[in-house]
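# Structural features, examined
Residue-level listing of the chains:
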Amino acid sequence: NPILRKNAALLLGRLEATESVNALGFALKDGDVSVRQAVVEALSSLKTEESIKYLMFALTDEKAQIRASAALSLGSMGSDRVVEPLILILLTDSDDTVRVSAARSQGMIGDKGAVTHLIDVLDDRNGFVVVTAMESLGKLGGDEAKSALIRMLNSDEREIKRMAIRALSSFEGSEGIILPYLNDPDWATKAAAVRALSVRVNEQVRNEIEKCYDREEDPAVRRVIEE
């Protein structure tokens, strides 16, 4: 009964039963996808070197949902040893969801060695992969990441431009780059600039946001400024 196998895996994870790691690893070969999904969840709860090994094995599963879950689970563990396998998935997996998970995990782990590879996927065919990679670049920081995000401000895709603005907010001295977008004709881009500037407040930023509020007619943007 696959329901029993699935629930057994989930319970072992909840119990943090580290002695069950090898049994769970064997269950990654289960023919039922829901069981394998539960096993990945359980292994991510155990956080042992052996569970990391098995989760890296799950990155090769035939089902994209298992590979994506394994990638996120490995990211949550924050181990440097998983950076390279996740980079491989990021650059080569055919499924968009898996690449998104791998990109997000690099930001969770925080290894700056991933910056170059995240930049490589900024021209990915899938916009969600691109914005997730940009989000992780904002978390990882560094001059190379900052330069790449500045280049993305020239994108014709509005959501990509907005994410570039949000991601740049984590960099020191980015206020001057973001401030011009308080005058952007797109209300959502303008709101993104307000939110980004709210984490880098100084006298100049406050003055410019107050001026924006005085001239702004869009109620959505005014609400963001008030917040």
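Going along each chain's sequence as written, the residues are numbered from 1 onward. With the structure being a predicted model, the display of local features is reserved for residues of pLDDT at least 70 and the display and counting of side-chain atom pairs for 80 or more, all residues being used for whole-chain, interface and lining totals. Side-chain metrics rest on all non-hydrogen atoms present in the structure, leaving aside hydrogens and water.

## A closer look at the packing of aromatic side chains
In this analysis, rings of Phe, Tyr and Trp, with Trp reduced to its six-membered ring, are considered paired at centre separations within 6.5 Å, and the interplanar angle assigns stacked below 30 degrees, edge-to-face beyond 60, and tilted for intermediate values. One pass over the full model with this rule turns up zero aromatic pairs. In this analysis the charged atom, NZ for Lys or CZ for Arg, is taken to sit over a ring once it is within 6 Å of the ring centre and within 35 degrees of the ring normal. The cationic tip of Lys-53 hangs over the ring face of Tyr-54; the distance from NZ or CZ to the ring centre is 4.8 Å. Its guanidinium or amino end placed over the ring of Tyr-213, Arg-222 lies 4.0 Å from that ring's centre, counting from NZ or CZ.

## A word on the nonpolar core
In this description, a nonpolar core means a group of buried Ala, Val, Leu, Ile, Met, Phe, Trp, Tyr and Cys residues linked to one another through side-chain atoms lying within 4.5 Å. Using a 1.4 Å probe on the protein chains alone, a residue whose accessible area is under 20% of its type maximum counts as buried, one over 50% counts as exposed, and one in between counts as partly exposed. Formed by 72 residues in total, the largest nonpolar core has its most connected members in Val-39, Leu-43, Leu-118, Leu-122, Met-134, Leu-137 and Leu-182. Among residues more than four places away in sequence, those in contact with Leu-43 are Val-21, Leu-24, Leu-28, Ser-51, Tyr-54, Leu-55 and Met-77. Contacts between residues were defined by any pair of non-hydrogen atoms, one from each residue, lying within 4.5 Å.

## Observations concerning the layout of surface pockets
A water-sized probe rolled over the atoms picks out the places where empty space is left. When its volume is computed, the largest pocket comes out at roughly 250 Å³. Lining the largest pocket are Val-194, Arg-195, Ser-198, Val-201, Val-205, Arg-206, Ile-209, Glu-210, Val-224, Ile-225 and Glu-227. For the lining of the largest pocket, the secondary structure elements donating two or more residues are helix H13 (187–197), helix H14 (203–215) and helix H15 (219–226). Only protein atoms enter the calculation, which uses a 1 Å grid: trapped sets of points that fit a 1.4 Å probe without letting it out are cavities, open sets showing protein on both sides within 12 Å along at least five of seven lines are pockets, and any residue with an atom within 4 Å of a point is a lining residue. Grid points are joined across faces, edges and corners, and a volume is the space filled by probe spheres set on the points. Only DSSP runs of H or I reaching four residues or more are called helices, and only runs of E reaching two or more are called strands; each is numbered from the N terminus.

## A short note on the packing of helix H6 (residues 83–92) against helix H7 (residues 96–109)
At a minimum axis distance of 8 Å, the contact between H6 and H7 shows a crossing angle of 145 degrees. When you trace H6 past H7, the crossing you get is left-handed. Here Val-83, Leu-86, Ile-87, Ile-89 and Leu-90 of H6 come into contact with H7, specifically with Val-98, Arg-99, Ala-102, Ala-103, Ser-105, Gln-106 and Ile-109. The classification used treats Ala, Val, Leu, Ile, Met, Phe, Trp, Tyr, Cys and Pro as nonpolar, Asp, Glu, Lys and Arg as charged, and all other residues, Gly among them, as polar. Each residue belonging to the contact of H6 with H7 can be placed in one class, and the counts come to nine nonpolar, two polar and one charged. The convention used is that axes are lines fitted to C-alpha atoms, helices contributing only their stretch in contact, and that angles between N-to-C directions extend from 0 to 180 degrees. A crossing counts as left-handed when the near helix is turned anticlockwise from the far one by less than a right angle, and as right-handed when that turn is clockwise.

## A short note on the confidence of the model for the chain
Confidence in the prediction of the chain, expressed as mean pLDDT, is 94, and 100% of residues score 70 or more. For every residue, the predictor assigns a confidence score, pLDDT, that lies between 0 and 100. Mean pLDDT in the chain bottoms out at H14, which sits at 92, and peaks at helix H1 (residues 2–14), which reaches 97.

## Quick look at the environment of Arg-215
Considering the arrangement of structural elements, one finds Arg-215 in helix H14. Contact partners of Arg-215, with chain neighbours within four places excluded, come to Leu-182 and Asn-183. One polar contact links Arg-215 to Asn-183, side chain to side chain, over a distance of 2.6 Å. The definition of a polar contact used here is a pair of N or O atoms within 3.5 Å, where within protein one atom must be able to donate a hydrogen and the other to accept one, and adjacent residues in sequence count solely through side-chain atom pairs.

## Remarks on helix H11 (residues 158–168)
Within H11, eight of the 11 residues are buried, which leaves it mostly tucked inside the rest of the structure. For H11, the set of buried residues is Ile-160, Lys-161, Arg-162, Met-163, Ala-164, Ile-165, Ala-167 and Leu-168.

## Re helix H10 (residues 143–152)
Side chains of residues three or four places apart in an α-helix project in the same direction, reflecting 3.6 residues per turn. Every buried residue belonging to H10 is among Ala-145, Lys-146, Ala-148, Leu-149 and Met-152, and all of these are buried. Down the axis of H10, the sector holding all buried residues measures 165 degrees, keeping them to one side. Turning to H10, the residues buried within the fold contact helix H8 (115–120), helix H9 (127–140), H11 and helix H12 (175–178). Note: the arc covers the axis-to-C-beta directions of the helix.

## Here's the deal with unusual backbone geometry
Across residues other than glycine, the phi torsion is negative in most instances, and most of the peptide bonds are trans. Phi at Glu-16 is positive, roughly 55 degrees, even though this residue is not glycine. With respect to the secondary-structure elements, Glu-16 resides in the loop between H1 and helix H2 (21–27). At Lys-47, a position not held by glycine, the phi torsion is positive, near 55 degrees. One can find Lys-47 in the loop between helix H3 (33–46) and helix H4 (49–58). You can call Lys-47 exposed: its relative accessible area is 53%.

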